[in-house]
Each structure stands twice: as C-alpha cells, then as structure tokens.
Amino acid sequence: MATMTAAQRREQARAEYDAFIRSCPTNQLLGRLSDKWVSLVVAALSAGPMRYSDLGRKLAGVSPKMLTQTLRSLERDGILTRTVTPSVPVRVDYELTPLGSNLALLLTAVKDWAETHFDEVRAARERYDAEYAEDAVEAPESQAV
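Residues numbered from 1 in each chain as written. Predicted model: local features only at pLDDT ≥ 70, side-chain atom pairs only at ≥ 80, totals over all residues. Heavy atoms only, no water.

A. Layout of the sheet that holds strand β1 (residues 50–51). Taken in spatial order, the three strands make up an open sheet running β1-β3-β2, and their pairing is antiparallel. Looking along the sheet, the strands with just one partner apiece sit at the ends: β1 and β2 (80–85). Here helix α3 (residues 36–45) sits on the sheet in contact with β1, β2 and β3 (91–96), set at roughly 95° to β3. (Pairing = 2+ DSSP bridges. Helix = DSSP H or I, 4+ residues; strand = E, 2+ residues; numbered from the N terminus. Contact = heavy atoms within 4.5 Å. Axes fitted to C-alpha atoms, helices over the stretch in contact; angles between N-to-C directions.)

B. Geometry of the pattern of salt bridges. Evaluation of the coordinates by the stated rule reveals six salt bridges. Salt bridges here are not isolated pairs; linked through shared partners, they connect Lys 111, Asp 112 and Glu 115. (Salt bridge = Lys/Arg side-chain N within 4 Å of Asp/Glu carboxyl O.)

C. View of the nonpolar core. Formed by 22 residues in total, the largest nonpolar core has its most connected members in Val 41, Val 42, Leu 45 and Leu 55. Of all the elements in the fold, those that place two or more residues in this core are α3, α5 (64–76), β3 and α6 (98–144). Among the elements that make up this core, the one with the highest residue count is α3 (six residues). Not counting residues within four places of it along the chain, the set of residues in contact with Val 42 comprises Leu 74, Ile 79, Leu 96, Gly 100, Leu 103, Ala 104 and Leu 107. (Core = buried A, V, L, I, M, F, W, Y, C linked by side-chain atoms within 4.5 Å. Buried < 20%, exposed > 50% of the residue type's maximum accessible area, 1.4 Å probe, protein only.)

Keep in mind these values describe shape, not function.
Right, dumping it as structure tokens:
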C-alpha cells in the first residue's frame, strides 16, 4: 500500500465529500448556509459593504444576538470580513470575501426566486389547504359507515 502525502489525503477527502452523510463537514456547511439569516445577510452584502447597524435595519426581525452570531459564523467560514474603524462610536463594516461573493450569486438567486414565485406558492398552499380541509371533514363521515 503506497503512502500518501498530506496534500494527497486532503484531495482524496475532498473527492469523497458527501453532503447526504450527516457526519460529513459539507452536510454541516449546508445546514449553516440554509439558515434564513445567513441567506439574507449574504444577499444584503452582495450590494456592497454595510455597517452592523445598517444590516440590522435591512434585515427586519433579526435580533441583535442572532445578527451577531450569524456575522461571526460567516466570518469564521471565510464568507465575509469584519473591519473595525476606531472612532466614536466605533465603526464596524462587513464585506463579502471572494468566496462570499461567489456564494451570494446562489443565495441571491434563491431570494429572487422566492420573491418572483411567491404568488404561485401561495396559490398552491391554498389549493392544498382546501383539499386537506375537505379530507378532514370527510374522514369522520367515512368512519360512521
């Protein structure tokens, strides 16, 4: 059995990534990337750098704690950078890295899809709910027979 260099082992592991396996790191990364706040932060930053306070206003409903956690996780993953400018008050800016800009293409497309197709989704939900409501009403009658 031939020995492999560390680079060869990393390349083999990369080729063997399988996001369908729970313990695979790519499965965990998909979990993080599928978070709605991650998607919205990345989409917001795709337009350019933003301050923390601007992000908080842009992302309606995000708590300061959730925004901070999301930004830290994205910084840790190399998706964005955080720049602190000493001033009073301190200025903190966030900007996508090249890796984050690449991801933004995908996540912005998903956001745009949701905005474009929501009326169709709502109509499908209404049809489903109407059908399900009919089934729920019919079920007790069929049991009486």
